[in-house]
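# Observations on chain architecture
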Amino acid sequence: QKEVEQNSGPLSVPEGAIASLNCTYSDRGSQSFFWYRQYSGKSPELIMFIYSNGDKEDGRFTAQLNKASQYVSLLIRDSQPSDSATYLCAVRGSGAGSYQLTFGKGTKLSVIP
Amino acid sequence: DAMVIQNPRYQVTQFGKPVTLSCSQTLNHNVMYWYQQKSSQAPKLLFHYYDKDFNNEADTPDNFQSRRPNTSFCFLDIRSPGLGDAAMYLCATSRDRGTYEQYFGPGTRLTVT
């Protein structure tokens, strides 16, 4: 069974610090990786996706992928109170289930002013 | 702006009374997905349409059905809601089933009394 694991948190960081969110996945053939932000009571919002090993930067966000270690992370620089949310890692698998995203349960981030 | 729209945003229904949730999209995406998300859990895929082709997940109860009358609209029908069906129902779209990212609508919060 394909699994995506995240530390549930809460992860607390002071305003202005770097928040580091981590995710591991079990399906070695996984092809694409997504980070969604979900505010309480709201729907998930796509903030980053990454397909290749290495780093991908978009503004204050950096996604990092290491397929050999089956590990993907999200760094948030200069964290703001408005970044306080649950961050869902999602992985698109391989083979017959390649249309499907497998989500982790999310890491709750709290940015302290 | 291109978007995914869900109606209603909040739905209250009685135990056993059929209910229909609606999703529309202006993205002209081929694939539409329905997810169920309960509190502090990952979104769970119920089914998806790839164009007119319906794909049900193996563990989706028969109580849940879906219709896609055209590219823009997709409906989720719950034939006899139980208390355990209270959840956030999320509609998502993607351009295709391959690598493409999924975009979520705002969700419908279903309460069963």
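Quick note: structure is the one above.
Residues numbered from 1 in each chain as written. Chains lettered and ligands numbered in written order. Predicted model: local features only at pLDDT ≥ 70, side-chain atom pairs only at ≥ 80, totals over all residues. Heavy atoms only, no water.

## Examining the overall build of chain B
If you tally the helices and strands in chain B, you get 0 helices and 11 strands. For chain B, the α and β elements follow one another from N to C terminus as β-β-β-β-β-β-β-β-β-β-β. In terms of principal-axis extent, the alpha carbons of chain B reach across some 35 × 30 × 30 Å. Taken over 113 residues, chain B has a buried fraction of 49%. Across chain B, contacts joining residues at least 24 apart in sequence account for 56% of those joining residues at least 6 apart. Carbon and sulfur atoms make up 48% of the accessible area of chain B, which totals about 5500 Å². In chain B, the 11 positive side-chain charges and the 10 negative ones have mean positions that sit 6 Å from each other. (Helix = DSSP H or I, 4+ residues; strand = E, 2+ residues; numbered from the N terminus. Buried < 20%, exposed > 50% of the residue type's maximum accessible area, 1.4 Å probe, protein only. Contact = heavy atoms within 4.5 Å. Areas by Shrake-Rupley, 256 points an atom, 1.4 Å probe, with all protein chains shown as cover. Lys, Arg positive; Asp, Glu negative; His and termini not counted. Charge placed at Lys NZ, Arg CZ, Asp CG, Glu CD.)

## Side note on the sheet that holds strand β7 (residues 61-66) of chain A
Residues and elements named next belong to chain A. Taken in spatial order, the 5 strands make up an open sheet running β1-β3-β8-β7-β6, and their pairing is antiparallel. With partners counted over all chains shown, the strands left at the sheet margins are β1 (4-6) and β6 (54-58), one partner each. Averaged over all pairs of adjacent strands, the angle between their axes in this sheet comes to 20 degrees, without regard to strand direction. With 6 bridges joining them, β7 and strand β8 (residues 71-76) adopt antiparallel strand pairing. Looking across to β8, one finds that Asn-66 is bridged to Tyr-71. (Pairing = 2+ DSSP bridges. Axes fitted to C-alpha atoms, helices over the stretch in contact; angles between N-to-C directions.)

## Here's the deal with the sheet that holds strand β1 (residues 4-7) of chain B
Residues and elements named next belong to chain B. Taken in spatial order, the 4 strands make up an open sheet running β1-β3-β8-β7, and their pairing is antiparallel. Each edge of the open sheet carries a strand with a single partner, namely β1 and β7 (64-67). On average, each strand axis in the sheet is inclined to that of its neighbour by 20 degrees, with strand direction left out of account. Judged from the 6 bridges that link them, strand β3 (residues 19-25) and strand β8 (residues 73-78) form a sheet pairing that is antiparallel. Counted as the bridge partner of Cys-23 is Cys-74 from β8.

## Re the pattern of salt bridges
Residue and element names in this part refer to chain B. Per the counting criterion, the structure on display carries 5 salt bridges over all chains. Notably, a salt bridge pairs Lys-44 with Asp-59, separated by 3.5 Å at the nearest N-O pair. Of the two residues, Lys-44 sits in strand β5 (residues 44-50) while Asp-59 sits in the loop between β6 (53-56) and β7, which places them 15 residues apart along the sequence. A residue is classified by how much of its surface remains accessible, and Lys-44, at 29% relative accessible area, is partly exposed. The exposed category is assigned to Asp-59, whose relative accessible area is 52%. (Salt bridge = Lys/Arg side-chain N within 4 Å of Asp/Glu carboxyl O.)

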